[in-house]
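# Architecture at a glance
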Amino acid sequence: MNNRLYGKLIFELSHEGRKGYSLPRNPFPQYELPDELRRKEEAQLPECDELTVVRHYTNLSQNNFGVDNGFYPLGSCTMKYNPKINEEIAALPQFQNLHPLQPSYTVKGAKAVVAMLERSLSALTGLAHFTFKPYAGAHGELTGLMVIDNYHRSRGDKQRRKVIVPDSAHGTNPASAAVCGLEILEVKSTAEGLVDLADLEQLVSQEGSNVAAMMMTNPNTLGLFERQIPEIAQLIHGCGGLMYYDGANLNPMLGACRPGDMGFDVMHINLHKTFSTPHGGGGPGSGPVGVREGLQQYFPMVSPYQGNFTVMLRALAYILTLGRDQIKEVGPLATLNANYIKESLKDVYELPIDGLCCHEFVFDGLKDKSTGVTTMDVAKRLLDYGYHAPTIYFPLLFHESLMVEPTENESLETLDGFISVMRRIAEEAQHDPELLKTAPHSTPIGRVDDVLAAKHPVVTYRQLVNDEN
Ligand SMILES: *Cc1c(COP(=O)(O)O)cnc(C)c1O
């Protein structure tokens, strides 16, 4: 890597008097701003010529790694397939320039998009009504739990304040329940990685009349299909609770089975994961919530207007591009790819739960633990080989979780390339563990101190100068 390009801030490239622009002469007579509106001191802005500015930001942009740069095996929260045609459609000025306060009769096309998307999601999930207001998956979870809470309260069932969440659940599940003011009851997983029905029965027998809902992800965050949903739904409905489905990663289910048919009452979908839309660094997202008939009157107001429209637009484009028949191939292809990688690596990486996985799977670090090489080291070393790291240390069930999700449309060559690099890293761990412990070696920034970066982030230039003094 060329070090010249890194490490300098735009402020450090500044030279007094340099300009990259020229403004037309101001034709207006002088106007003095009122004193109270004026700065007390000069704004500290960098002064650079045009080429310096362009090169600085172009070089910075090339330090990014995304799905367009290379393989991105992140599991669970992954960015899945983002067809380029969706970007073109979302960029059409007729959609792009809509204003949320436009009169209703001028946005009939946009309303038709929303109505069509709702019908498509209903067909795919078996749930009758959707709200598109939530801006993210976690926002959808909160919205869905508010629906459930409103439902119980409307029946005078005010003591139902507990939500059952499996120990393998995505962290947002218990967090959303807590934000909604509900308490969390954790249900254990079996050695097979599925919800422990005996443990659940015991919870229900003790707490049944206080249970507001059970939240589930299926396939769960270990990538395993929960086979006892009908029994679980019967238990929860039997005690008066509702079933919540976390559909952040709905791709393996598309056209194969529907949460509504399995007994779920409320769910959210991450349009930005399952139905494309590049996202990262917190957005943009859309977490529509679907409910079964009779629950739609409990939708709360969680945002103004209609939600994140261009994310919805991309979702509809994705669904219509594939169509009723091809959408059924998404799940099986993602499942095939995940199982291919898993089977090709399980002799060198520890597979705690063997068997067929769905769209993703979890290793518990390297098989040979004697080298001291951790999942963190493997993930960092992958960066040297030009791959994005997989999801690491999640789910929390294993010490060295390393979670891989290849998505449906990766080529065999890409999967083979990843497999051979993962095998090479396992070999390096045998012969040169230090190489892994100090990785990455070829990125602009090497191994950072995660704790320090999280606890004492230095995010302003001024602070950097102060710290140095
Ligand atoms: C990503 C994810 C969420 C949260 O979605 P956000 O849009 O990041 O808020 C919830 N559950 C699961 C299983 C997820 O993968």
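Residues numbered from 1 in each chain as written. Predicted model: local features only at pLDDT ≥ 70, side-chain atom pairs only at ≥ 80, totals over all residues. Heavy atoms only, no water.

## Some details on the packing of helix H12 (residues 375-384) against helix H13 (residues 412-431)
Direction vectors running N to C along H12 and H13 enclose 125°, while the axes themselves pass 10 Å from each other. Considering their axes alone, H12 and H13 lie oblique with respect to each other. Crossing handedness for the pair H12 and H13: right-handed. In this structure, H12 contributes Val 378, Arg 381 and Leu 382 to the contact, and H13 contributes Phe 418, Val 421, Met 422, Ile 425 and Glu 428. Of the residues assigned to the contact of H12 with H13, the class counts are 6 nonpolar, no polar and 2 charged. (Axes fitted to C-alpha atoms, helices over the stretch in contact; angles between N-to-C directions. Helix = DSSP H or I, 4+ residues; strand = E, 2+ residues; numbered from the N terminus. Parallel < 35°, antiparallel > 145°, perpendicular 65-115°, else oblique. Left-handed = near helix turned anticlockwise from the far one by under 90°. Contact = heavy atoms within 4.5 Å. Nonpolar A, V, L, I, M, F, W, Y, C, P; charged D, E, K, R; others polar.)

## Considering the sheet that holds strand S2 (residues 162-166)
Within a sheet, neighbouring strands are paired by backbone hydrogen bonds and run either parallel or antiparallel to one another. Reading across the sheet, the 7 strands line up as S1-S7-S6-S5-S4-S2-S3 and stay open at both edges, with mixed pairing between neighbours. Edge positions in the open sheet fall to strand S1 (129-131) and strand S3 (183-187), since each of these has one partner strand only. Sheet twist, expressed as the average angle between the axes of neighbouring strands with direction ignored, equals 25°. In this sheet, strand S4 (residues 211-216) lies alongside S2 in parallel orientation, the contact comprising 3 bridges. When the sheet's bridge partners are listed, Val 163 is paired in S4 with Ala 213. (Pairing = 2+ DSSP bridges.)

## A closer look at the sheet that holds strand S8 (residues 361-364)
The strand order across the open sheet built from 3 strands is S8-S10-S9, with neighbouring strands paired in antiparallel fashion. Across the chains shown, the open sheet's two edge strands, defined by having one partner strand only, are S8 and strand S9 (391-392). For S9 and strand S10 (residues 401-404), the ladder comprises 2 bridges, and the chain directions are antiparallel. Note that in S10 the partner of Thr 391 across the bridge is Met 403.

## Considerations on the confidence of the model for the chain
For residues with low pLDDT, the predicted coordinates do not support detailed interpretation. Of all residues in the chain, 96% have pLDDT values of 70 or greater, and the mean over the chain is 92. When the criterion is pLDDT under 50, residues 1-5 qualifies, and its contacts beyond four places in sequence or with other chains add up to 3 contacts. Confidence drops under pLDDT 50 across residues 465-469; counting only partners more than four residues distant or on other chains, this segment forms 1 contact. (pLDDT = per-residue confidence, 0-100.)

## Examining the pattern of salt bridges
Evaluation of the coordinates by the stated rule reveals 20 salt bridges. Where Asp 149 meets Arg 153, a salt bridge forms, and the shortest distance between an N and an O atom there is 3.2 Å. Highlighted residues: Asp 149 and Arg 153, both in helix H5 (residues 137-154), separated by 4 residues, approximately one helical turn. For Arg 447, the salt bridge goes to Asp 377, with nearest N and O atoms at 3.1 Å. You can see Arg 447 sitting in the loop between helix H14 (433-437) and helix H15 (450-455) and its partner Asp 377 sitting in helix H12, a full 70 residues away along the chain. Each of Lys 342, Glu 343, Lys 346 and Asp 354 takes part in one network of salt bridges that share partners. (Salt bridge = Lys/Arg side-chain N within 4 Å of Asp/Glu carboxyl O.)

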